Amino acid sequence: MTARRSPSPCPARQNRKIVSPPGTPLGSGATPRELPIRDSLRNQRSYDAPQLAIPVRLNTNESPFPPAPALIHDIAESIREVAADLHRYPDREAVALRNDLATYLTQRTGLAVHTSNVWAANGSNEVLQHILHVFGGPGRRVLSFAPSYSMYRIIAEGLGSEWMEIQRAEDFSLDMDHAVAMIAEHHPGVVIVTNPHSPTGHRLGTLELERILHAAPGIVVIDEAYGEYSTTPSAIGLINRFPMRVIVTRTLSKAFGFAGGRLGYLVAAPPVIDAMRLARLPYHLSTITQSAARAALRHADQSLTLVSIVTAERSQVSKTLRQLDFEVFDSHANFLLFGRFADAPRAWRRYLDHGVLIRDVGTPHHLRVTIGTPEDNARFLEVSETLRAAGV
Ligand SMILES: *Cc1c(COP(=O)(O)O)cnc(C)c1O
């Protein structure tokens, strides 16, 4: 297989293939059926986005750009420094990191975000788990707008909440009147709004978020995993007006190119932050994670420069796809939902056969592609053209 990416600066990386030891594992006689798994988990599927070692990987919305040498150096030095303290548990409150996050958000939004407004965990998935641990659970309903991010349901049901989703319109936009009526009727304890939305890339404006906040009786989580790719103002600006209701979740996984570092956070009123302590495990954020994330934040400016490359590429890719006669949804994130395919899973396979891994998010007739490097995108478009010509 020919690698299209620039050669890795680290030779060890080229030897990634893991070979399992021979033989069968201990306990091979056990059958899953006999395992006394909780009823609420019995028919669950785990998060299963494929991780394949193929040349062009455009399926999980990571940044396509590896950390710059200066950032790699800063991370390594920061970890070297804190390594001397690894016999001690980490700062349970992650104060320095939360402080840096608050500073970043204050600069970015112009709003005075305080350390006591910020909570951090291992990815925004863990943040969401903390939120639903506190505000969801047995006897409570968690509502979102389908199609949406598959982890919402997995976490909500895993914690025993009742899951409910409102279908988006045919063009995947959100019918606000319907959404508000459904929220009023089903009074969910938690509503989750992804903004910009995944997998469509749609965004909601402040007025629409306000309508949802007025209708919802409980917590409204606004997941801004893709916030940096959008020109929409952050919902952090709504916290003062709805202090007991708004929780904004964000992550370093996408715009900061730090998916492997695992750092997500939320912004909310201080009592919400205090409540999160009831859900976290003690010392949930390792010293190494805290220190590497602080290094990543010191290089925010460079990361945001890469974000603007990605958004420029997004316009280019979407324009070319449209010229090839694909249907493309306007996106405010680092991916595009496009189609229409007679058979989306089959089309997904055809891309894979050509060495391009994109995402079948389970919406009929559509696939999602993450915006990659200019070279990745060129290859993706080349394959798209080939497949179009072949009538896929
Ligand atoms: C990628 C993504 C996240 C981020 O998850 P992390 O745990 O922070 O890596 C959260 N929400 C949505 C909608 C996403 O697409």
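Residues numbered from 1 in each chain as written. Predicted model: local features only at pLDDT ≥ 70, side-chain atom pairs only at ≥ 80, totals over all residues. Heavy atoms only, no water.

## Details of the overall build of the chain
- Within the chain, the secondary structure is distributed over 12 helices and 12 strands.
- The globule rule puts the C-alpha radius of gyration for 392 residues at 21 Å, and the 22 Å found for the chain is close to it.
- Dimensions along the principal axes, computed over C-alpha positions, put the chain at roughly 55 × 55 × 55 Å.
- In the chain, which comprises 392 residues, the share counted as buried stands at 50%.
- The contacts in the chain between residues at least 6 apart in sequence include a share of 73% that link residues at least 24 apart.
- In the structure as shown, the chain presents an accessible area of about 19,500 Å², 54% of it carried by carbon and sulfur atoms.
- Of the side-chain charges in the chain, 41 are positive and 38 negative, and the distance between the mean point of each set is 3 Å. (Helix = DSSP H or I, 4+ residues; strand = E, 2+ residues; numbered from the N terminus. Rg over C-alpha atoms; globule rule 2.2 N^0.38 Å. Buried < 20%, exposed > 50% of the residue type's maximum accessible area, 1.4 Å probe, protein only. Contact = heavy atoms within 4.5 Å. Areas by Shrake-Rupley, 256 points an atom, 1.4 Å probe, with all protein chains shown as cover. Lys, Arg positive; Asp, Glu negative; His and termini not counted. Charge placed at Lys NZ, Arg CZ, Asp CG, Glu CD.)

## A closer look at empty space enclosed by the protein
- Enumeration over the complete set of coordinates arrives at one cavity of 30 Å³ or more.
- A volume near 30 Å³ is recorded for the largest cavity.
- As for the largest cavity, its lining consists of Ser124, Asn125, Leu128, Tyr149, Tyr152, Asp223 and Thr249.
- When residues in the lining of the largest cavity are grouped by element, the largest group, three residues, is from helix H4 (residues 123-135). (1 Å grid on protein atoms, 1.4 Å probe; cavity = no way out; pocket = protein on both sides within 12 Å on 5 of 7 lines; lining within 4 Å. Points joined across faces, edges and corners; volume = space filled by probe spheres on them.)

## As for the sheet that holds strand E12 (residues 366-370)
- The strand order across the open sheet built from three strands is E9-E10-E12, with neighbouring strands paired in antiparallel fashion. Each edge of the open sheet is held by one strand with a lone partner, namely strand E9 (327-328) and E12.
- Strand direction decides the pairing type here: E9 and strand E10 (residues 335-339), joined by two bridges, are antiparallel. Each residue of the ladder has a partner; that of Glu327, found in E10, is Gly339.
- Against the sheet, helix H11 (residues 344-353) contacts E10 and E12, and its axis sits at roughly 35 degrees relative to E12. (Pairing = 2+ DSSP bridges. Axes fitted to C-alpha atoms, helices over the stretch in contact; angles between N-to-C directions.)

## Brief notes about the packing of helix H6 (residues 176-186) against helix H7 (residues 206-215)
- Between H6 and H7, the least distance of the axes is 9 Å, while the angle of their chain directions is 20 degrees. As far as their axial angle goes, H7 and H6 are roughly parallel. Relative to H7, the crossing made by H6 is right-handed. The segment H6 lies against H7, with Met176, Asp177, Val180 and Ile183 engaging Glu208, Arg211, Ile212 and Ala215.
- Class assignment of the residues belonging to the contact of H6 with H7 gives a composition of five nonpolar, no polar and three charged. (Parallel < 35°, antiparallel > 145°, perpendicular 65-115°, else oblique. Left-handed = near helix turned anticlockwise from the far one by under 90°. Nonpolar A, V, L, I, M, F, W, Y, C, P; charged D, E, K, R; others polar.)

## So, the layout of surface pockets
- Here the second largest pocket is characterised by a volume of approximately 230 Å³.
- Taken together, 17 residues line the second largest pocket, and the ones lying closest to its centre are Gly227, Thr232, Pro233, Ser234 and Arg250.
- Split into classes, the residues belonging to the lining of the second largest pocket amount to six nonpolar, seven polar and four charged.

## Things to note about the sheet that holds strand E3 (residues 141-146)
- Judged by pairing direction, the sheet is mixed, and its seven strands sit side by side in the order E2-E8-E7-E6-E5-E3-E4 without closing on themselves. The open sheet has two edge strands, strand E2 (118-121) and strand E4 (162-167), and neither has a second partner. Direction aside, neighbouring strands of the sheet carry axes that sit 25 degrees apart on average.
- Pairing between E2 and strand E8 (residues 264-267): four bridges, direction antiparallel. Among the inter-strand pairings, Trp119 is bridged to a residue of E8, identified as Leu266.
- Strand contacts of helix H5 (residues 150-158): E3, E4, strand E5 (190-194) and strand E6 (219-223), with the helix running at about 155 degrees to E4, the strand carrying the most contacts.

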